[in-house]
Amino acid sequence: MVYSYYPGCTLKNTAKELDECGRISAEALGFTLEEITDWQCCGGQYTSGKDEIVTKLSSVRALDDAKKSEQDLVTLCSACYNVIKQTNNAMIEDSDMQMKVNNYLKLDEPYKGETSVYHFLEVLRDKVGFDKVKEAVKAPLKGKKVGAYYGCLLLRPGKVLQFDDPENPKIMEDFIKALGGTPVIYNMRNECCGGYTILEDTDAAGRNTSKILLNAEDMGADFLITACPLCQYNLMQNSLSEKTPIYYFTELLAHALGLREKECFK
Amino acid sequence: MQKIGVFVCHCGTNISATVDVKKVAETLGKEPGVVYSTDYQFMCSSSGQNLVIDKIKELGLTGVVICSCSPRMHEKTFRKAADKAGLNSFLLEMANIREQDAWVHKNREEATLKAVALARAAVAKVHLNTPLTPGSSDVNKRALVIGGGIAGMQAALDIADAGFKVDIVEREATIGGTMTQIDKTFPTLDCASCILTPKMVDCEQHENISLVTKSEVDTIEGYVGNFTVKIKHKAKYVDPDKCTGCGLCIQKCPSKKVPDPFNLNLAPHTAINITFPQAVPLVATIDADNCLMIQKGKCGLCATVCPADAINYEDKDSIEEKKYGAIIVSTGFKPISLHNFDEYAYDNSPNVVTSLEYERLMSATGPGKGTVLRPSDGKHPKTIVFQQCVGSRDTSGRGKTYCSGICCMYTAKHAMLTREKYPDTDVYVFYTDVRSPGKGFDEFYRRAVEKYHVHYIKGAIGKVVPMSNGNLQIQASDLLMNEQLHIEADLLVLAAAMEPDKSAKPLAQKLTASMDNDDWFTESHPKLRPVESPTAGVFLAGACQGPKDIPQTVAQAGAAASKAIGLLIKDKLQGNPCVAHSDENMCNGCSQCANVCPYGAITYEEKDFRMPDRTTLVRRVASVNPAVCQGCGACTVVCPSGAMDLFGFSNKQILAEVDALCL
Ligand SMILES: Cc1cc2nc3c(=O)[nH]c(=O)nc-3n(C[C@H](O)[C@H](O)[C@H](O)COP(=O)(O)OP(=O)(O)OC[C@H]3O[C@@H](n4cnc5c(N)ncnc54)[C@H](O)[C@@H]3O)c2cc1C
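Calculation criteria
- Residues numbered from 1 in each chain as written.
- Chains lettered and ligands numbered in written order.
- Predicted model: local features only at pLDDT ≥ 70, side-chain atom pairs only at ≥ 80, totals over all residues.
- Heavy atoms only, no water.
- Helix = DSSP H or I, 4+ residues; strand = E, 2+ residues; numbered from the N terminus.
- Buried < 20%, exposed > 50% of the residue type's maximum accessible area, 1.4 Å probe, protein only.
- Contact = heavy atoms within 4.5 Å.
- Areas by Shrake-Rupley, 256 points an atom, 1.4 Å probe, with all protein chains shown as cover.
- Lys, Arg positive; Asp, Glu negative; His and termini not counted.
- Charge placed at Lys NZ, Arg CZ, Asp CG, Glu CD.
- Buried area = accessible area lost by both parts, 1.4 Å probe.
- Salt bridge = Lys/Arg side-chain N within 4 Å of Asp/Glu carboxyl O.
- Expected span 1.5 Å × (residues − 1).
- Domains from an automatic or database assignment.
- Polar contact = N/O pair within 3.5 Å; in protein donor to acceptor, adjacent residues only side chain to side chain.
- Phe/Tyr/Trp six-rings, centres within 6.5 Å; stacked < 30°, edge-to-face > 60°.
- Lys NZ or Arg CZ within 6 Å of the ring centre and 35° of its normal.
- pLDDT = per-residue confidence, 0-100.
- Pairing = 2+ DSSP bridges.
- Axes fitted to C-alpha atoms, helices over the stretch in contact; angles between N-to-C directions.
- Near = heavy atom within 4 Å.
- Nonpolar A, V, L, I, M, F, W, Y, C, P; charged D, E, K, R; others polar.
- Patch = residues over 30% accessible without salt bridge, like charges linked within 9 Å, V, L, I, M, F, W, Y side chains within 5 Å.

Asks: So what about the overall build of chain B? Which residues, and what values?
Replies: Secondary structure summary: chain B contains 18 helices and 33 strands in total. Projecting the C-alpha coordinates of chain B onto the three principal axes gives extents of approximately 95 × 70 × 45 Å. Considering chain B as a whole, with its 663 residues, one finds that 52% of them fall into the buried category. Put simply, 68% of the contacts in chain B that link residues at least 6 apart link residues at least 24 apart. Entry remark: accessible area of chain B is about 30200 Å², with carbon and sulfur atoms responsible for 52%. Averaging the positions of the 71 positive and the 74 negative side-chain charges in chain B gives two centres separated by 2 Å.

Now the structure itself:
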């Protein structure tokens, strides 16, 4: 199976691990991430600007590209997933938006939300199946207590993303189980990391991340995994004494599949 | 030749203030077939009725039209008067010139014209009316009560005391319902068992009551006075006639980790069990899914130790058919599942419980034997937080839009009982509004705040974070102070919205009784017929009709019983002659009528028809059971061939009325 892959800007810079481990794991699990040519920023910074047309354009270009290749679109970054899926939904439900965007883009054929958008984790759950992932594991994470950190962008708005139960998600826990680890459920796992407030009010973001990390630690997590580069950055900033390190979920996957060994997961 | 009399009522000034009644009478007097027309101040008074009687006799009237109020108000009155005068009562019609005219119009001229039109329509109909005679059917003098909670028990006791036989069909092994799980009851704080168990025993000992436990209604056929019901008895694996309830089997049963629904899975019980010590009937039953002998053929200890030889591993479900005259539905309610409310971490911490679970934690027959202990570690909780309205008054689509009615009061009860028993415990209650309109209810709630110093906070919990030591970090908003609160609690109690029992919907279909959008049984009239279902002979008691506390439940059960007694005491029931009938020669057997009939009154039969060429043709034709038909007319509307018609409201009569109105 081949998917149109939208990496996003961070995955080409600070979050290279998230990208590379995702691609090689995909191959090992029997699917290919084919990078969309000429993709541009998803518009990640402007998600809350609902009535803004220009910020939607680059997402729709990527979506239209996938449509032309008759492939589903897959992302690894939570923020890109959130923006592209919400944009796609707006292109289906908001006829005004649809008209304006198409007027700007002047595509050969107007785009009306035909492409399906998936996060990599959804591909593992719904297309590959966690049981198949489990079969492919070569280095199971025996005895590792892993906390999943979801943040907000993967889960909300729940009605649009339909990714998992936003209050009590379990997809990453099932992922951890498939890799042979023990998931640690801590209820701060879907709370906000502070997002971009870290630029403006570092303390406010710090208070949030401390609460998250303390809760994960208290419930016994050895380390955390996430799908979001911004969450990872914010949590690392506050990871006092590196007691609870935080990794990308694809790093864990690539390790368990025997593709890229990492000391800390042994 | 018809001789029709028209009587126009003033209704004091109710009608005559807006309608020129003299003119109506005068105009109608000129209608063909009308031989007498007059107006009168109060037609429903005895002198008004006598006027009708006298004129029928004097002039030999063949039809009567009364222009007055709605037929719902006085049709019976005037039809009785016609009967007295020797005129078949179905030859009398009413024209509603009050509710449908005088009360809704201001312009006298227009209202008078409308009154004339309505009266003309009635006259046109009377021209085509035929005498009708209601049939009658016998009444089976036995009542069925479905659901043996406090509602079903109270209704059964009242009916039984009036001298009629009653069967209580209860799904569980014991009667008693939700009240068996409750510790103490608001507003008087008497113990639930102390007021409930004597009633349970009364039911068991009453010579007119039979308890049919571990059973459900399978099918229901028939009609008011004459229901045929198939009851499904589920296998108990213990002969209830032999079992003495000694409990030896329970002591010896090796399957000790079986989930106990009575204790809401807060503690396990054994595979063979008695629900609780005061259960009625006091007999053991086996949970087959968890019995080693039934599942694996190994064990058989209970049969070995049973001194009464009551165990029967081969027991099977069975069906019994019985006849009843009246049915009372009392299937009660249940708290909703909290699956959609994960912000409270119900699934992620054993120390987050529902209010019903809290009743079990407090109860002397519960897992703590009357001492409130935290489920996670058995410690005594020091800080307990209550959240009201979990899923009630919820317009987000996750819960129910209605107020569940009882939660404010039982939460005040829980808070008060906790503070009374454990004065060292801090108790918080998050509320939306406190609703306490019952007798003594507001005083009760205020006592919780003022005397027991429960912290009542208007607001809600937004996030619950369970910690490794079992404590809960609770983040909440105080809306009056406009503050964020952070509370570290030992226990969180959620007042879950109430919903009808899951079995209510399929049961309503079997009964052809109606339900509202939330699956509560609906009453025939929300004010004037609150305990009757729209289906004749089916009555409603207790929380199956909407959330209720015990006083409301018991009052409604008594009312339902008195309605049932009113039915059972009759030997014969007069039917409604205005029922549907099908012209076999026109019926093409399409089944559309049967599909729309809400009462299941239409069946099909294969019939022989002699053809003009002397051959015989077998055709499938509709036939209406007049005892079941309620005369709603839905079938006559869908019938494509015009074969279906309604006595008293025939297609011809209706068209004549329409013609009179429009032409
Ligand atoms: C947590 C909590 C605390 C409460 N505290 C108080 C209080 O302090 N004071 C007060 O006044 N009220 C209190 N109530 C309310 C009280 O429980 C109800 O008023 C009462 O139980 C209603 O009685 P019922 O018979 O209508 O329904 P239920 O008690 O629910 O009984 C229904 C019965 O029908 C049976 N049944 C259901 N479906 C079928 C079927 N298809 N076939 C056969 N049987 C069936 C059930 O097994 C059950 O036995 C409380 C309720 C809750 C949830």
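Past the structure itself, the notes keep going.
Asks: Kindly report on the interface of chain B and chain A, identifying the contributing residues and their values.
Replies: Taken together, the 14 residues of chain B in the interface contact 14 residues of chain A. Where chain B abuts chain A, roughly 1100 Å² becomes buried across the two surfaces, and 41% of that area is made up of carbon and sulfur atoms. Our count for the chain B to chain A interface comes out at 1 salt bridge. With its nearest N and O atoms 3.2 Å apart, the salt bridge here joins A:Glu191 to B:Lys463.

Asks: Before we move on, could you go through helix H2 (residues 54-68) of chain A and cite the residues and values that matter?
Replies: Residues and elements named next belong to chain A. Taking 1.5 Å of rise per residue, the 15 residues of H2 would be expected to cover 21 Å, and the 22 Å separating its terminal C-alpha atoms lies within 8% of that figure. Buried residues dominate H2, accounting for 11 of its 15 residues. Turning to H2, the residues buried within the fold contact strand S1 (2-6), strand S3 (73-75), helix H3 (78-93), helix H4 (95-105) and strand S4 (117-119). One or two residues past the end of H2 sits Glu70, with phi positive at roughly 55°.

Asks: Describe the domain arrangement of chain A, listing the residues and the values that go with them.
Replies: Residues and elements named next belong to chain A. Under the domain assignment used here, chain A contains domain 1 (2-120) and domain 2 (129-265). Between domain 1 and domain 2, the contact holds 25 residues from the first and 23 residues from the second. Taken over both partners, the interface formed by domain 1 and domain 2 buries close to 2100 Å², and the fraction arising from carbon and sulfur atoms is 71%. When residues of domain 1 are sorted by the area they lose upon contact with domain 2, Leu18, Leu29 and Ser78 head the list and together hold 23% of the total. Where domain 1 meets domain 2, there are 2 salt bridges. Across the pair Arg260 and Glu20 runs a salt bridge whose closest N-O atoms are separated by 3.3 Å. Applying the counting criterion to the domain 1 and domain 2 interface returns 7 residue pairs in polar contact (both at pLDDT 80 or more). For the side of domain 1 that touches domain 2, the secondary structure elements donating two or more residues are helix H1 (16-28) and H3.

Asks: Explain the environment of B:Gly147 residue by residue, including any values.
Replies: Residues and elements named next belong to chain B. Counting through the fold element by element, Gly147 comes out in the loop between strand S6 (142-146) and helix H6 (150-161). Among the residues examined, Gly147 registers a relative accessible area of 11% and is labelled buried. Each C-alpha atom of the pair Gly147 and Val212 lies 9.9 Å from the other, and the pair is 65 residues apart in sequence. Dropping the residues within four chain positions of it, Gly147 is found in contact with Gly152, Ile168, Val169, Glu170 and Ser330.

Asks: Give me the environment of B:Ile97: which residues, what numbers.
Replies: Residue and element names in this part refer to chain B. Along the chain, the position of Ile97 falls in the loop between strand S4 (92-96) and helix H4 (98-102). Along the backbone, Ile97 and Leu118 are 21 residues apart, and their C-alpha atoms lie at a distance of 7.2 Å. Among residues more than four places away in sequence, those in contact with Ile97 are Val8, Cys9, Ile15, Cys67, Ser68, Ala102, Ala115 and Leu118.

Asks: Go over the packing of aromatic side chains, please, and point to the residues and values.
Replies: In total, this model carries 17 aromatic pairs over all chains according to the counting rule given. Between A:Phe175 and A:Phe249, the ring centres sit 5.7 Å apart and the planes meet at 75°, which makes this aromatic pair edge-to-face. Taken together, the residues A:Phe175 in helix H8 (residues 171-178) and A:Phe249 in helix H12 (residues 249-256) connect sequence positions 74 residues apart. Across this residue pair, the class does not change: A:Phe175 and A:Phe249 are buried. When the ring centre of B:Phe609 is taken as origin, the NZ or CZ atom of B:Arg619, which lies over that ring, is 4.5 Å away. A cation over an aromatic ring shows up here: B:Arg620 above the ring of B:Tyr604, its NZ or CZ 4.0 Å from the ring centre.

Asks: Talk me through the confidence of the model for chain B; I want residue IDs and the actual numbers.
Replies: Caution applies to low-pLDDT regions: their predicted coordinates should not be interpreted in detail. Across chain B, the average pLDDT comes to 96, with 100% of residues at or above 70. Reported confidence for the predicted complex is 0.89 by ipTM and 0.85 by pTM.

Asks: Explain the sheet that holds strand S22 (residues 426-431) of chain B residue by residue, including any values.
Replies: Residue and element names in this part refer to chain B. If you walk across this open sheet you meet the 7 strands as S20-S26-S21-S22-S23-S24-S25, and the pairing is mixed. Looking along the sheet, the strands with just one partner apiece sit at the ends: strand S20 (352-354) and strand S25 (483-489). Averaged over all pairs of adjacent strands, the angle between their axes in this sheet comes to 35°, without regard to strand direction. Relative to strand S23 (residues 455-466), S22 runs parallel, the two sharing 4 bridges. Each residue of the ladder has a partner; that of Tyr431, found in S23, is Lys458.

Asks: Explain the domain arrangement of chain B to me, using residue names and the numbers behind them.
Replies: All names here are of chain B. Segmenting chain B into domains produces domain 1 (4-128), domain 2 (142-177 + 188-226 + 321-332 + 503-568), domain 3 (248-305), domain 4 (334-499) and domain 5 (580-647). Each of domain 2 and domain 3 has a C-alpha centre, and these two points are 29 Å apart. Between domain 2 and domain 3, the residue contacts involve 10 residues of the former and 8 residues of the latter. For the pair domain 2 and domain 3, the summed buried area comes to about 740 Å², and 68% of that belongs to carbon and sulfur atoms. At the junction of domain 2 with domain 3, the criterion picks out 0 salt bridges. Our enumeration of links across domain 2 and domain 3 arrives at 2 residue pairs in polar contact (both at pLDDT 80 or more). Ranked by the residues each element gives to the side of domain 2 that touches domain 3, the list is headed by helix H7 (residues 192-205), at 4 residues.

Asks: Describe the site of the ligand, listing the residues and the values that go with them.
Replies: Residues and elements named next belong to chain B. The environment of the ligand is formed by 37 residues, the closest being Glu170, Phe186, Ser503, Lys548 and Ile550. One of the backbone N or O atoms of Ile150 is found 3.2 Å from an oxygen atom in the ligand. A distance of 2.8 Å separates an oxygen atom of the ligand from a polar atom in the side chain of Thr178. With the chains in place, 98% of the 1000 Å² that the ligand exposes on its own is no longer accessible. Secondary-structure elements contributing two or more residues to the shell around the ligand are H6, strand S8 (184-185), helix H11 (355-362), helix H12 (407-421) and helix H15 (550-568). When its residues are assigned to classes, the shell around the ligand shows 14 nonpolar, 13 polar and 10 charged. Taken domain by domain, the makeup of the shell around the ligand includes at least three residues from each of domain 2 (142-177 + 188-226 + 321-332 + 503-568) and domain 4 (334-499).

Asks: Could you give an account of a positive patch on the surface, with specific residues and numbers?
Replies: Residues and elements named next belong to chain B. Residues Lys76, Lys80, Lys84 and Lys570 make up a contiguous surface patch of positive charge. Here Lys84 is to be found in helix H3 (residues 71-84). When its relative accessible area of 67% is taken as the criterion, Lys84 is described as exposed.

Asks: Before we move on, can you summarise the side chain of B:Lys55 with the specific residues and values?
Replies: Residues and elements named next belong to chain B. Structurally, Lys55 can be placed in helix H2 (residues 46-59). A relative accessible area of 15% means that Lys55 is categorised as buried. What Lys55 contacts, discounting residues up to four positions off in sequence, is Phe7, Tyr36, Gly60 and Leu61.

Asks: Break down the pairing of strand S5 (residues 145-148) of chain A for me, citing the residues and quoting the values.
Replies: Residue and element names in this part refer to chain A. Here 3 bridges tie S5 to strand S6 (residues 182-184), and the two strands are oriented parallel to one another. Pairing of Gly147 across the sheet is with Val184, part of S6. Strand direction decides the pairing type here: S5 and strand S7 (residues 223-226), joined by 3 bridges, are parallel. Residue pairing across strands places Ala148 opposite Ile225, the latter belonging to S7.

Asks: Explain the sheet that holds strand S28 (residues 538-540) of chain B to me, and be specific about the residues and the numbers.
Replies: Residue and element names in this part refer to chain B. The strand order S10-S7-S6-S18-S28 describes an open sheet built from 5 strands, whose pairing is parallel. Each having just a single partner strand, strand S10 (209-212) and S28 make up the two edges of the open sheet. Direction aside, the axes of adjacent strands within the sheet are offset by 20° on average. Bridge count for S6 against strand S7 (residues 165-169) is 5 bridges, and the pairing is parallel. Bridge pairing links Val145 to Ile168 in S7. Sitting on the sheet, H6 is in contact with S6, S7, S10 and strand S18 (326-329), with an inclination near 165° to S7.

Asks: How would you explain a nonpolar patch on the surface if you had to name every residue and give the values?
Replies: All names here are of chain B. Residues Phe649, Ile654, Leu655 and Val658 make up a contiguous nonpolar surface patch of roughly 340 Å² in combined accessible area. When you line up the elements, Phe649 lands in the loop between strand S33 (644-646) and helix H18 (651-662). Accessibility expressed as a relative area gives 40% for Phe649, which makes it partly exposed.

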